[in-house]
Amino acid sequence: MKKLLTLALLVIVLNVQAAPAIFQAHVDAPVGKVYKTLYSELESRRLFMVFEPDLGSVIAGMAERLGDDYNRNGLEVIRSLVVCNAWYANKVSNLDPAMLALCPLRVSLIHKAGTTTVSFARPTVYAQDSKALPVIREIEDMVIEAIKASVSMSSGG
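Residues numbered from 1 in each chain as written. Predicted model: local features only at pLDDT ≥ 70, side-chain atom pairs only at ≥ 80, totals over all residues. Heavy atoms only, no water.

Each helix and strand in the protein was counted, giving six helices and five strands. What you see in the protein, going N to C, is helices and strands ordered as α-β-α-β-α-α-β-α-β-β-α. For the protein, the share of sequence-separated contacts (at least 6 apart) that also reach a separation of at least 24 residues comes to 76%. Just so you have it, the protein exposes about 9700 Å², and 59% of that area is on carbon and sulfur atoms. (Helix = DSSP H or I, 4+ residues; strand = E, 2+ residues; numbered from the N terminus. Contact = heavy atoms within 4.5 Å. Areas by Shrake-Rupley, 256 points an atom, 1.4 Å probe, with all protein chains shown as cover.)

Turning our attention to helix α2 (residues 31-44). In this model, α2 (14 residues) spans 20 Å end to end at C-alpha, consistent with the 20 Å of a helix rising 1.5 Å per residue. Along α2, the residues that are buried comprise V31, V34, Y35, T37, L38, E41 and L42. Turning to α2, the residues buried within the fold contact β1 (22-27), β3 (77-84), β4 (105-112), β5 (115-121) and α6 (133-154). Phi turns positive one or two residues past the end of α2, at R46, with a value near 65°. (Expected span 1.5 Å × (residues − 1). Buried < 20%, exposed > 50% of the residue type's maximum accessible area, 1.4 Å probe, protein only.)

The next point concerns helix α5 (residues 86-95). All of the buried residues in α5 are Y88, A89 and V92. Looking straight down α5, one finds that the buried residues subtend no more than 100° of arc, so they occupy a single side. Away from its buried face by more than 90 degrees, α5 exposes A86, W87 and N94. In the core, the buried residues of α5 are packed alongside β3 and α6. By the N-cap criterion, in which a side-chain oxygen at the helix start approaches the backbone nitrogen of a residue two or three places on, α5 is capped by N85, the distance to W87 being 2.8 Å. (Arc of directions from axis to C-beta. Polar contact = N/O pair within 3.5 Å; in protein donor to acceptor, adjacent residues only side chain to side chain.)

This brings us to the pattern of salt bridges. A pair can form between side chains of opposite charge whenever their charged atoms are brought close. On inspection of all chains with the given rule, the structure shows four salt bridges. Taking the shortest distance from any N to any O, the salt bridge between E41 and R45 comes out at 2.6 Å. One salt bridge connects R45 with E145, and the closest N-O pair in it is separated by 3.9 Å. You can see R45 sitting in the loop between α2 and β2 (48-51) and its partner E145 sitting in helix α6, a full 100 residues away along the chain. Through salt bridges with shared partners, a single network forms among E41, R45 and E145. (Salt bridge = Lys/Arg side-chain N within 4 Å of Asp/Glu carboxyl O.)

All right, on to the nonpolar core then. One finds L38, L42, L109, V118, V143 and I147 to be the most contacted residues of the largest nonpolar core, which totals 34 residues. Not counting residues within four places of it along the chain, the set of residues in contact with L109 comprises V31, V34, Y35, L38, V77, I78, R79, L81, T116, T117 and V118. (Core = buried A, V, L, I, M, F, W, Y, C linked by side-chain atoms within 4.5 Å.)

As a further point, take the packing of α2 against α6. Close contact between α2 and α6 brings their axes to 8 Å; oriented N to C, the two are set at 140°. Regarding the angle of α2 to α6, the classification is oblique. In the crossing of α2 with α6, the sense of the turn from one axis to the other is right-handed. Contact residues: K33, V34, T37, L38, E41 and L42 in α2; V143, A146, I147, A149, S150, M153 and S154 in α6. (Axes fitted to C-alpha atoms, helices over the stretch in contact; angles between N-to-C directions. Parallel < 35°, antiparallel > 145°, perpendicular 65-115°, else oblique. Left-handed = near helix turned anticlockwise from the far one by under 90°.)

Everything listed here is a matter of coordinates, which is why it stays silent on function.
Here it is in structure tokens:
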């Protein structure tokens, strides 16, 4: 019985640890199309845009200073959507004010050779010992749902 319980706990621990810290989705679609659908999907879940950095343009402006170190991976576009929901931020602050360091959240889009990659750093990675974990998990799930829906729509599916 002890061995069975130990095995069950090990499987649970391994499954919890199996989720990568960065969620990624890839789609063979133009970054502009993915960006528009992602923006819409996030807002439909009441995650509103705070800031829209175009990091690729900023880095391109430094190309001469960076010299041979400039864009070694040949990334064509690097953009982010920075989102927040004040109701959720309030809920998190009531449970664990330290977790406000996670707000606002950001989703990055990287485009190269016809493929757009959407990346999202999972906030639950930092909230494992927090009273706010259930709320943070709910927010994370919403963002991932928005990404999946956006990728599906962008691929024509």
